[in-house]
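Structure assessment
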Amino acid sequence: MQTTAQDAPTKANQVTHLESLDPATGEVIGRFEATPPENLPLIVERAREAQKKWAARPLRERCALLRRLRDVLFARRAEIAEVVTRESGKPRIEALFSDVTVAIDTAGHYARCAPRLLRPERVPHHNLAVKAKSAWLEYEPYGVIGIISPWNYPFAIPVGEIVPAVVAGNAVVLKPSELTPWCGALVGEIFEQAGFPRDLVQVVQGGGEVGAALVDARPDKIIFTGSVVTGRRVAEACARHLIPSVLELGGKDAMIVLADADLDVASSAAVWGSFTNCGQACVSVERIYVERGVAEKFTDLCVAKTQRLKLGHGLDADTEVGPMIRESQVARVEEQLRDARARGARVLSGGQRRADLGPCFFEPTLVTGVDHSMRLMQEETFGPVLAISAVENAGEAVRLANDSEFGLAASVWTRDTRRGKGIASRLKSGAVMVNDALSYFGICEAPHGGRGASGWGHTHSRLGLMELVQVKYVDVDRLARWPKSWWFGYDQELSVAADAFLEAMFAPGWRRRLASLRGALKTVFRGHRI
Ligand code: NAD
């Protein structure tokens, strides 16, 4: 099959299979063959061969295949949502709204926009000396893109990155998370069904060792989405091989609630923004800074809404919060809560495991009385915990929001949109939403990318597409038979003319510039040249 590549013999101590688990029950729901790490050079080589033919195909053909992909995704949407829910634990509605919608929309978006976005772009020249040139930028594919993805949006993230890579003329080797191999296999299967050529989109299965082997097989660029710890390792390996990378890492997103905000709407957003996907979104709301005058009312609303949330298996239609992905993640959240409590934080709601529901269930939890000495306010939590802090004013809220090594996304809530925009421009963050949160991740035109520990580069949008091409500047001189003024044949006459040219270009005042024009022209019409 085109999508999995594993022909070499495996070593005795190697992982040969990955188990897919339902995080709600802990049951094994699938087994997938692991790719031996030593196969990666051959797999990347095959991708390289496929890419050459693919890049030679007209862009309109590549766009036509994206439209087919969009149609296949749409036709299989129910199955995709079910696999995402079973393997990641999120409610089926969230699988539909996030993973499935983003995948379909991305395919359609780039099919429509790639011809415009990848069209060569004219470069006008302002300098008199080069007016006879016409020039443009061409966007060429890198070759093979290695994509390493996490488990939390196991369909939307890889598809959202593969689509722009292939439309730009690249081949892709995808290494999905070892926690969601079923989703990874499904991604490969769907590209195959849509008719993408053999070896153009290959999926390799395995853990960190397979991800590391992918980087070491030296594709032409790595798009990595995952934790800061792994991102640093990937960046180091890329640096060793001089491979460029995009790093989409963790976040500690702040929400600022001003006193004039619609508190009912803002509290619903806070609860959804913190507990969707059980808090396991890179752009989850993890910290709220609310102006003191409305803090009590806002917090009460959040508590009441949190307590109404229905926990359960993601396939139950009315489930709002599913399980966390693994028990080890639950333990991490408990550890942060222990630290916060020891330093004076108060848990207003939740805070307990729900072993009665399954091994990875944890109650949506609201905490106040927090400060930045706590791990809960510094480290990414990546679980269903929302910390609320009352602040004196917007200035303090901005200062605290910016007091983080992360800088992925943030939101501001106010009825005064002008003030909201002003605060947005003061936040150290890759994206800021005013009166909404998280949803920009599903907007095809919105670039996604962080600052500081949240990573570098972009995915999605025009900027994400530009990460997947190399820019070439092409320059055609219309005066093919005219030697250039600055070539050899240096003498006193050229020296004087060069000075006149600088006067004509840069002297203060038009009169002085015009006066030098004649002398400057001598740089063009000169006799002796080599
Ligand atoms: P992770 O870092 O544990 O793993 C991510 C991927 O890297 C997996 O496929 C893993 O197998 C692979 N990997 C592990 N070691 C590797 C190595 N040495 N070399 C190459 N690849 C290696 O992250 P995770 O637990 O899967 O995902 C959760 C994290 O991802 C959170 O921190 C979350 O914030 C972040 N995330 C970020 C974004 C974003 O767009 N910024 C989106 C989703 C998730």
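Report on the accompanying structure. (Residues numbered from 1 in each chain as written. Predicted model: local features only at pLDDT ≥ 70, side-chain atom pairs only at ≥ 80, totals over all residues. Heavy atoms only, no water.)

Let's talk about the overall build of the protein
Counting secondary structure elements, the protein contains 17 helices and 20 strands. Taking the principal axes of its C-alpha atoms as reference, the protein extends roughly 95 × 65 × 40 Å. Within the protein, the proportion of its 530 residues that are buried is 55%. For the protein, the exposed area adds up to about 23200 Å²; of that, 55% sits on carbon and sulfur atoms. Between the mean site of the 66 positive side-chain charges and the mean site of the 63 negative ones, the protein shows a separation of 9 Å. (Helix = DSSP H or I, 4+ residues; strand = E, 2+ residues; numbered from the N terminus. Buried < 20%, exposed > 50% of the residue type's maximum accessible area, 1.4 Å probe, protein only. Areas by Shrake-Rupley, 256 points an atom, 1.4 Å probe, with all protein chains shown as cover. Lys, Arg positive; Asp, Glu negative; His and termini not counted. Charge placed at Lys NZ, Arg CZ, Asp CG, Glu CD.)

A few points about the pattern of salt bridges
For side chains of opposite charge, pairing can occur when their charged atoms come near one another. Throughout the structure, instances matching the rule amount to 28 salt bridges. Residue Lys133 pairs with Asp475 through a salt bridge whose shortest N-O separation is 3.3 Å. One end of the pair, Lys133, is in strand β4 (residues 133-141); the other, Asp475, is in strand β20 (residues 469-477), with 342 residues separating them in the sequence. Take Lys133: its relative accessible area is 19%, and that puts it in the buried class. Note that Arg512 and Glu503 form a salt bridge whose closest N and O atoms lie 3.0 Å from each other. Here Arg512 falls in the partly exposed class, since its relative accessible area comes to 43%. Within the structure, one salt-bridge network assembled from shared partners comprises Lys133, Asp475, Asp477 and Lys484. (Salt bridge = Lys/Arg side-chain N within 4 Å of Asp/Glu carboxyl O.)

Overview of the nonpolar core
Formed by 79 residues in total, the largest nonpolar core has its most connected members in Leu69, Phe155 and Phe196. It is helix α4 (residues 92-117) that contributes the most residues to this core, 10 residues altogether. Counting residues in hydrophobic clusters, the runner-up holds 65 residues, among them Ala261, Val290, Leu311 and Ala446. (Core = buried A, V, L, I, M, F, W, Y, C linked by side-chain atoms within 4.5 Å.)

Looking at the pairing of strand β13 (residues 365-368)
The two faces of the sheet receive side chains in turn, since in a regular strand these alternate between them. In β13, alternate side chains face the same way, and those of Thr365 and Val367 on one face and Leu366 and Thr368 on the other are all buried. Sheet analysis places strand β12 (residues 346-349) next to β13, joined by three bridges and oriented antiparallel. If you follow Val347 over to β13, its bridge partner there is Val367. Strand direction decides the pairing type here: β13 and strand β14 (residues 385-391), joined by three bridges, are parallel. In the strand pairing of β14, Val367 is matched with Ala387. (Pairing = 2+ DSSP bridges.)

What to know about the environment of Ala424
Structurally, Ala424 is set in helix α14 (residues 417-426). Here Ala424 is in contact with Val412, Val432 and Val434, once residues within four sequence places are set aside. (Contact = heavy atoms within 4.5 Å.)

Re the sheet that holds β14
If you trace the seven strands from one edge of the open sheet to the other, you get β12-β13-β14-β11-β10-β16-β17, paired in mixed fashion. Bordering the open sheet on either side are β12 and β17 (431-434), each of which pairs with just one other strand. Strand-to-strand twist across the sheet, computed as the mean angle between neighbouring axes with direction ignored, equals 25°. On the sheet, helix α13 (residues 394-402) packs against β10 (253-257), β11 (285-291) and β14 and is oriented at approximately 160° with respect to β11. (Axes fitted to C-alpha atoms, helices over the stretch in contact; angles between N-to-C directions.)

Describing the site of the ligand
Neighbouring the ligand are 28 residues, the closest being Lys175, Glu178, Ser227, Leu249 and Glu380. At 2.9 Å from an oxygen atom of the ligand is found a side-chain nitrogen or oxygen belonging to Trp151. Between the ligand and Leu249 there is a distance of 2.7 Å, counted from a nitrogen atom to a backbone nitrogen or oxygen. Taking a 2 Å distance to the grid points as the criterion, the majority of the atoms of the ligand fall inside the largest pocket. Put simply, the parts of the chain that give the shell around the ligand at least two residues each are α7 (208-216), β8 (221-225) and α8 (228-241). Ranked by residues supplied to the shell around the ligand, first place goes to α7 with three residues. Broken down by class, the residue content of the shell around the ligand amounts to 12 nonpolar, 12 polar and four charged. (Near = heavy atom within 4 Å. Polar contact = N/O pair within 3.5 Å; in protein donor to acceptor, adjacent residues only side chain to side chain. 1 Å grid on protein atoms, 1.4 Å probe; cavity = no way out; pocket = protein on both sides within 12 Å on 5 of 7 lines; lining within 4 Å. Sits in = over half its atoms within 2 Å of the grid points. Nonpolar A, V, L, I, M, F, W, Y, C, P; charged D, E, K, R; others polar.)

Looking at the layout of surface pockets
Put simply, the largest pocket is a space of about 1100 Å³. Phe224, Gly226, Ser227, Val228 and Thr230 are, among the 43 residues lining the largest pocket, the residues nearest its centre. At the level of elements, α7, β8, α8 and α11 (327-342) are the ones that each hand at least two residues to the lining of the largest pocket. For the lining of the largest pocket, the element with the highest residue contribution is α8, accounting for eight residues. Looking at the lining of the largest pocket residue by residue, the classes come out as 17 nonpolar, 14 polar and 12 charged. In this structure, the second largest pocket spans a volume of roughly 520 Å³. Around the second largest pocket, the lining is made up of 24 residues, and of these Leu128, Ala129, Ser485, Thr523 and Val524 lie nearest the centre. (Points joined across faces, edges and corners; volume = space filled by probe spheres on them.)

Focus on unusual backbone geometry
With a phi close to 55°, Arg218 is a non-glycine residue in the positive phi region. Inspection of the secondary structure assignment puts Arg218 in the loop between α7 and β8. Even without being glycine, Asn435 reaches a positive phi, approximately 65°. Topologically, Asn435 is positioned in the loop between β17 and β18 (451-452). Taking the relative accessible area as the measure of exposure, Asn435 reaches 35% and is therefore partly exposed.

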